[in-house]
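Geometric and topological summary
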Amino acid sequence: MPTPLISVVDDDASVRAATDNLLKSRGYIAQIFASAEELLRSPQLDETSCVITDVQMSAMSGLELLAEMRTRGYDAPFIFITAFPDDRVRASALRAGAIGFLAKPFAGQALIECLDTALNAYDGRGGI
Amino acid sequence: MRSPISSLERSASQFTIGSIALAVVTLACLYVHAHFAATAFAYLLVVLLFSLMGSFIASSALCIVAIAALAYYFAPPAFSLRIDDPQDLPVVVAFFIASIVGAHLIGKLRQEREAARVVAAKLQRSAADLEDREKRWRAIFEHNPAMYFMVDEAGIVLNVNTLGATQLGYPRTELIGRSVLDVFLEEDRAFVRECVRTCLEDVGQTRTWDVQKVRKDGSVLWVRENAKAMLWGDQQPIVLIACEDITERRRTELALQRSEAHLAQAQELSHTGSFSWNPTTGEAFWSRETFRIFQLDPETVPPGPQLVVERTHPDDRASVKEIIDRAMRDLSDFEHEYRLLLPDGSVKHIHAQARATRTASGEVEFVGAATDVTAARRAEQQLRRSEAYLAEAQHLTHTGSWSWDVHALDFIYRSAEVDRLFGFDPQEPVSIDTIRSRIHPEDLPLLQEVQRQAIEHEEERFEYDFRILLPDGGIRRIHSVAHVAVGSDGNVSELIGTHMDVTEQHAARDRLENTLGALRESEQRFRDYAETASDWLWETGPDHQVTHLSEHTSAAGILATGLMGLLRWDIACDVDEEPEKWRQHRATLEAHLPFRDLVYRTVNRTGSPIYVRTSGKPFFDGKGNFLGYRGVSTDITATIRADQAEQELRKAQAELAHVTRVTTLGELTTSIAHEINQPLAAIISNADACLGWMGREAPNLPAARSSVEWIIEDAIRASEVIRRVRALAKKGEIEMVPLDINEVVKDVIALVTRELASHRVTLRTELTAGLPTILGDRIQLQQVIINLVMNGIEAMDAVTDRTRELLIQSSKDDVGHVQLAVTDCGVGIAENDADRVLDPFFTTKSTGLGMGLSICRSIVEAHGGRLSMVHKNGPGATFQFALPLHKEAVS
């Protein structure tokens, strides 16, 4: 099984870098994007096994990114992280098919668990 | 000696008369029948008598005739020559002998007497001759145009000729018998004595010497004396001295010597050597100066043209040779100039000129002069250069120089610049009338009068101004400075002067005068302002003591009297209360910086406290030395009182502001939480990551270290957000500090970022760098800006058809104040609401209190600024405020 590629999208540079740092420390391969559009333009979009994205971003929000990717036919799992842990947003995210919805600040272990769940689901689905 | 012919004549006449006498005696004897002997005797007497006539032959002939007659007539036989009577024979013989002897004796006697007579005649003639010669010699002695002296051994004058005596101014008799030494100069007498002695030693030998003689009147004449000693009859030696007056010759000689010396001197001084050269014989003569010029030794080198050629500069040699050759060929005068190249490498310029003359022997000889004109040539070059410089200088300074002949009424000299000033073509001849025609008609009479006066009073220096009318119609102003030059006749002969073009200076002076006029007017205007203002003007010296106060202040009773010489902090009453203000003020003064609006408390003439606002500016002399301050002060007591009231109001406003602020804070809470959660999320992630890096089989320590460093950064970021929030929430006194408006904006942006993001608003900033600092309360200003930003964000909520963009601009406004503008592209403010939008309780929002902008306005105005809404074309609104600068606010 090839090592899964994780795409991190956050418009806050330090959160972006920290998430990247966390993933890499656990042996994941991650690539970071400052905005949803950046990811959509990325050539690695096809190889993305999981998307970790902020919800509130200035141009395109995390939910819109999810919708866009589904529209384009990508079914990579989504994990949302947000500093506005609004219940309404959380509900719509999970409804839209997100694997996880983490409120900033979150424990690293929580993200890793969430990520592993997502990857297994993705991988397991692939195995059906 | 008598001639033979006359002796013959005399003999003939003797014989003829004797024969006649004999015939007469014969007849007489016949008549008386005289005796033979008696007749013979008579005959004898006749013969002897006639022999006295001289000729012996005639006497002898007469004797023969007498014998014949005797024999013929008286001896028997008569009438025959025969003598018969023997007695008669002895008579005849006796007669014959007696007559012959007698005739002979008489002849001899006559001869001797004749000889004696001849001797006597001779003697007589010789004596006369001698006398004649003596007379002649005496005349020569007397009248010879030479002086003669005859002196004896002792030098006593034996004789002197008249000329000699006269020459010396004596009568002859006075000199004779005196010592000849008397007529010589005292100092020459030994010499004369010696000369006379030498003559006497060698008699007959002529000696010559030159000496001076003294006349009776004391004047002196030079004589050349020729002297010779002679022995006279008595063997006494005398000295005969002939003196020739050589005074003239001597003078001529001296003159000649002097003249030669002068010539040599003149040659040396004028560097002119003379030379002569005979081309036929090749003989040449060079004067000493010629040798000196050619740097040749007269002892070793024979002069000649060859020498000239050798010494000539190689470049000039050909031409010199040609000149000499032509002179020899044509035997004509020549003149040329050439250079010498001397052994020391120096170069001399020589001007040589020669004239062909004929010598006594008819040969042509060149006589000439060679002058060293090096100095002149150099001077000429120098002069030419000087002239060029002068011309250039004159051209640059527009100054022409001239010299005017007051008699000939013409220029003696006129520099090119003069012509240029008058606008003349340099080639064009310029007459007095042309010059005058160019002078402005109004100025001509004055100019002529000034010159006339100058000539009349022989003025050393005089000046005048006039205008030149140029051919193109322009006018040139000339300032002329001149002086008169007095000629050898003591009268003014020339005017020498300069014409300076002062057109520009005039124009500049006019401009200056205009400026000065304007300045004077302006000064008067300001003086009027100052004197009518309620403000007063003051001046302090370099030690900051008051040196001047405008007069009306004490008159109006505004200020206490006797302030002169005091320091400002001596006049103020609040120095102890506000030490910091005064420390700063004194620092400003020491730094010689201007200050504005210093407010302090003092007392007026009646002792009541007054508040004074003063501004000042340092002033310096031309060299930059600090001289003190000048400034203006105002009594702001009334304003201060009003301000104090306003302070109260402001406090109330601050309270209100705080209320609003906290309200806003509530609105911002979500945003703020987000701002804190972000760094916290990063911190936790990095901390987990750090654990991850360390927990690996091969722990990655550098990655772990980076993780911890990021943790620290984010923790700082989080604490900064908290600080801002706390500051915003703080309720406290207004704290006016110097601020950079851009920093305030950045703080605000940090607080509203999430708000912008959640409303999908893009923020654009145009912050001008290097703005001056303003004085203000950081939190209040943040409050104002947050308010404006939040309003903008809300105004764009309804916008869906375009990018929601909020623009924050900081800049300097027209008067240099710092200005901040917040522009949205939202719904905008309705025209009707525009005027009221800043009023309290006016709101367009359904949930709004209508206090936000009103409080913002209060805050901005409390900062000395103004909040305004700017109408803009297109959608949206711009709110902006301007604040005075820090310095303006402090002072």
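In the block above lies the structure referred to throughout.
Below: a short report on this structure. Throughout, residues of each chain are indexed from 1 in the direction in which the sequence is written. Each chain is given a letter, starting from A, and each ligand a number, starting from 1, according to the order in which they appear as written. Residue-level local features of this predicted model are given only where pLDDT is at least 70; pairs of side-chain atoms are given and counted only at 80 or more, and the full residue set underlies all totals for whole chains, interfaces and linings. Hydrogen atoms and water are omitted, and side-chain values are computed over all heavy atoms in the structure.

Our focus in this paragraph is the overall build of chain A. Scanning chain A from N- to C-terminus turns up 5 helices and 5 strands. Under the scheme used here, helices are H or I runs from DSSP no shorter than 4 residues and strands are E runs no shorter than 2 residues, and both carry numbers assigned from the N terminus. In chain A, the succession of α and β elements from N to C terminus is β-α-β-α-β-α-β-α-β-α. Throughout this description, buried means an accessible area under 20% of the type-specific maximum (1.4 Å probe, protein chains only), exposed means over 50%, and partly exposed covers the range between. Evaluated residue by residue, chain A yields a buried proportion of 52% over its 128 residues. When contacts within chain A are restricted to residue pairs at least 6 apart in sequence, long-range pairs at least 24 apart make up 61% of them. In the form shown here, chain A has an accessible surface area of approximately 5,400 Å², with 53% of it arising from carbon and sulfur atoms. We call two residues in contact when some of their heavy atoms are within 4.5 Å. Residue burial considers only the protein chains on display, and all accessible areas are found by Shrake-Rupley using a 1.4 Å probe.

Broken down by element type, chain B carries 25 helices and 27 strands. By residue count, 39% of the 891 residues in chain B fall in the buried class. Of all intrachain contacts in chain B linking residues separated by at least 6 positions in sequence, the fraction that spans at least 24 positions is 52%. If you sum the accessible surface of chain B, you get close to 50,100 Å²; carbon and sulfur atoms cover 56% of it.

What follows concerns a nonpolar patch on the surface. All names here are of chain B. Side chains of I64, V93, F96, I97, V101 and L105 sit close together on the surface and give an oily, nonpolar patch of about 520 Å² of accessible area. Ranked by the residues each element gives to the nonpolar patch, the list is headed by helix α4 (residues 88-143), at 5 residues. Summarising the element assignment, I64 is placed in helix α3 (residues 56-74). In this analysis, a patch consists of residues with relative accessible area above 30% that form no salt bridge, clustered at 9 Å for like charges and at 5 Å for the nonpolar side chains Val, Leu, Ile, Met, Phe, Trp and Tyr. Just to be clear on terms, a salt bridge is a Lys or Arg side-chain nitrogen sitting within 4 Å of an Asp or Glu carboxyl oxygen.

Residue and element names in this part refer to chain B. Each pair of strands is called paired provided DSSP finds at least two bridges between the two strands. A sheet is described by the order of its strands in space; here 5 strands give the open sequence β12-β11-β15-β14-β13, paired in antiparallel fashion. Across the chains shown, the open sheet's two edge strands, defined by having one partner strand only, are β12 (410-414) and β13 (462-469). Between one strand and the next, the sheet's axes are offset by a mean angle of 30 degrees, whatever the strand orientation. Here β13 pairs with strand β14 (residues 475-486) via 8 bridges, running antiparallel. Considered in β14, the bridge of F462 is made with A482. Each of β13, β14 and β15 (492-501) touches helix α15 (residues 444-457); the most contacted strand, β13, lies at about 155 degrees to it. Lines fitted to C-alpha atoms define the axes, with helix axes restricted to the stretch in contact, and inter-axis angles between N-to-C directions lie between 0 and 180 degrees.

With that settled, consider the interface of chain B and chain A. On the chain A side, the residues contacting the 24 residues of chain B number 29 residues. Two parts placed together each lose some accessible area under a 1.4 Å probe, and the buried area is that loss summed for both. In total, chain B and chain A occlude about 2,000 Å² of area from one another, counting both sides; carbon and sulfur atoms represent 55% of this. For the pair chain B and chain A, the number of links is 2 salt bridges. Its salt-bridge partner being R760(B), residue E64(A) comes within 3.5 Å of it at the nearest N-O pair. N or O atoms closer than or at 3.5 Å make up a polar contact, with two conditions inside protein: a donor-capable atom paired with an acceptor-capable one, and, for residues adjacent in sequence, both atoms drawn from side chains. Applying the counting criterion to the chain B and chain A interface returns 12 residue pairs in polar contact (both at pLDDT 80 or more). Here the side of chain B that touches chain A takes 16 residues from helix α20 (residues 637-695) of chain B, the largest share from any one element.

It is worth spelling out the sheet that holds strand β18 (residues 595-603) of chain B at this point. Residue and element names in this part refer to chain B. Taken in spatial order, the 5 strands line up as β17-β16-β20-β19-β18 in an open sheet, and their pairing is antiparallel. Looking at strand neighbours, the two that pair on one side only are β17 (546-549) and β18, the edges of this open sheet. Pairwise comparison of adjacent strand axes, ignoring direction, gives a mean angle of 30 degrees for this sheet. Each of β18 and β20 (626-635) is contacted by helix α19 (residues 579-590), which is oriented at about 130 degrees to β18, the strand it contacts most.

Moving on, we come to the pairing of strand β3 (residues 207-214) of chain B. Across 8 bridges, the pairing between β3(B) and strand β4 (residues 220-231) of chain B is antiparallel. Counterpart to Q212(B) in the pairing with β4(B) is W222(B).

Residue and element names in this part refer to chain B. The tally for this structure, following the rule as stated, stands at 52 salt bridges over all chains. Ionic pairing is found between R178 and E174, a salt bridge with its closest N-O pair at 3.8 Å. Classification of R178 by relative accessible area gives partly exposed; the value is 26%. We classify E174 as partly exposed; its relative accessible area is 29%. A salt bridge links D419 to R414; its shortest N-O distance comes to 2.8 Å. Taking relative accessible area as the criterion, D419 reaches 7% and is therefore assigned buried. Three or more residues joined by partner-sharing salt bridges are found here, namely E174, R178, D182 and K216.

Note the cis peptide between K104(A) and P105(A), where omega equals -5 degrees. Following the sequence through the fold, P105(A) ends up in the loop between β5 (100-103) and α5 (108-127). One non-glycine residue, H271(B), adopts positive backbone phi at about 55 degrees. Assignment of secondary structure puts H271(B) in the loop between α8 (247-270) and β6 (272-277).

Residue and element names in this part refer to chain B. Stacked, edge-to-face and tilted are the three classes for Phe, Tyr and Trp ring pairs, Trp counted by its six-membered ring, which pair at centre distances within 6.5 Å; planes under 30 degrees apart are stacked, over 60 edge-to-face, the rest tilted. Evaluated as defined, the whole model comprises 17 aromatic pairs over all chains. Each ring, one from F595 and one from Y629, has its centre 5.6 Å from the other, and the planes form 45 degrees; the classification is tilted. One end of the pair, F595, is in strand β18; the other, Y629, is in strand β20, with 34 residues separating them in the sequence. Summarising the burial analysis for this pair, F595 and Y629 share the class buried. By the ring-pair criterion, three or more aromatic residues cluster together here, those being F422, F424, F462, Y464 and F466. Note on geometry: a ring has a charge over it if NZ (lysine) or CZ (arginine) is within 6 Å of the ring centre and within 35 degrees of the ring normal. Geometry around W538 places R568 over its ring, the cationic atom sitting 4.3 Å from the centre. Residue placement shows R586 over the ring face of W569; its charged tip is 4.1 Å from the ring centre.

A few words on the nonpolar core. Most often, soluble globular proteins keep nonpolar side chains buried together rather than apart. Each nonpolar core is a collection of buried residues, namely Ala, Val, Leu, Ile, Met, Phe, Trp, Tyr and Cys, held together in the definition by side-chain atoms within 4.5 Å. Counting 44 residues, the largest nonpolar core has I785(B), V789(B), L820(B) and F881(B) as its most contacted members. Listed in part, the 27 residues of the second largest apolar core include L22(A), A30(A), I52(A) and L102(A).

Looking along a regular strand, one sees side chains alternate from face to face of the sheet. Residues and elements named next belong to chain B. Pairing between strand β16 (residues 536-540) and β20: 5 bridges, direction antiparallel. For T540, the partnering residue across the bridge sits in β20 and is Y629. Here 9 bridges tie strand β19 (residues 609-620) to β20, and the two strands are oriented antiparallel to one another. Note on β20: the bridge partner recorded for S615 is V632. Connecting β19 to the antiparallel partner β20 that follows it, the hairpin turn spans 5 residues, and G624 within it adopts a positive phi of roughly 90 degrees.

Moving on: the side chain of K213(B). All names here are of chain B. Tracing the backbone shows K213 in strand β3. The class for K213 is buried, based on a relative accessible area of 1%. If we ignore the near neighbours within four places in the chain, the residues touching K213 are F149, L168, V183, F184, S219, V220, L221, V223, E225 and C243.

Residues and elements named next belong to chain B. With respect to the helices, strands and loops of the structure, V721 is situated in helix α21 (residues 701-729). Residues V721 and E675, spaced 46 residues apart in sequence, show a C-alpha to C-alpha distance of 6.8 Å. If near-sequence neighbours (up to four positions away) are discounted, V721 is found in contact with I672, E675 and I676.

Moving on to the packing of α3(B) against α4(B). Residues and elements named next belong to chain B. One can describe the packing of α3 onto α4 by two numbers: an axis separation of 9 Å at closest approach and a directional angle of 165 degrees. Comparing their axes, α4 and α3 come out roughly antiparallel. Judged by the twist between their axes, the crossing of α3 over α4 is right-handed. Every residue of α4 that contacts α3 at F56, S59, S60, C63, I64, A66 and I67 is listed here: V92, F95, F96, S99, I100, A103 and H104. Here the nonpolar group is Ala, Val, Leu, Ile, Met, Phe, Trp, Tyr, Cys and Pro; Asp, Glu, Lys and Arg are the charged ones; every other residue, Gly included, is treated as polar. Here the residues of the contact of α3 with α4 sort into 10 nonpolar, 4 polar and no charged. Any angle that is under 35 degrees is reported as roughly parallel, and any over 145 degrees as roughly antiparallel; angles of 65 to 115 degrees are reported as roughly perpendicular and all others as oblique. Helix crossings fall into two classes, left-handed where the near helix is turned counterclockwise from the far one by less than a right angle and right-handed where it is turned clockwise.

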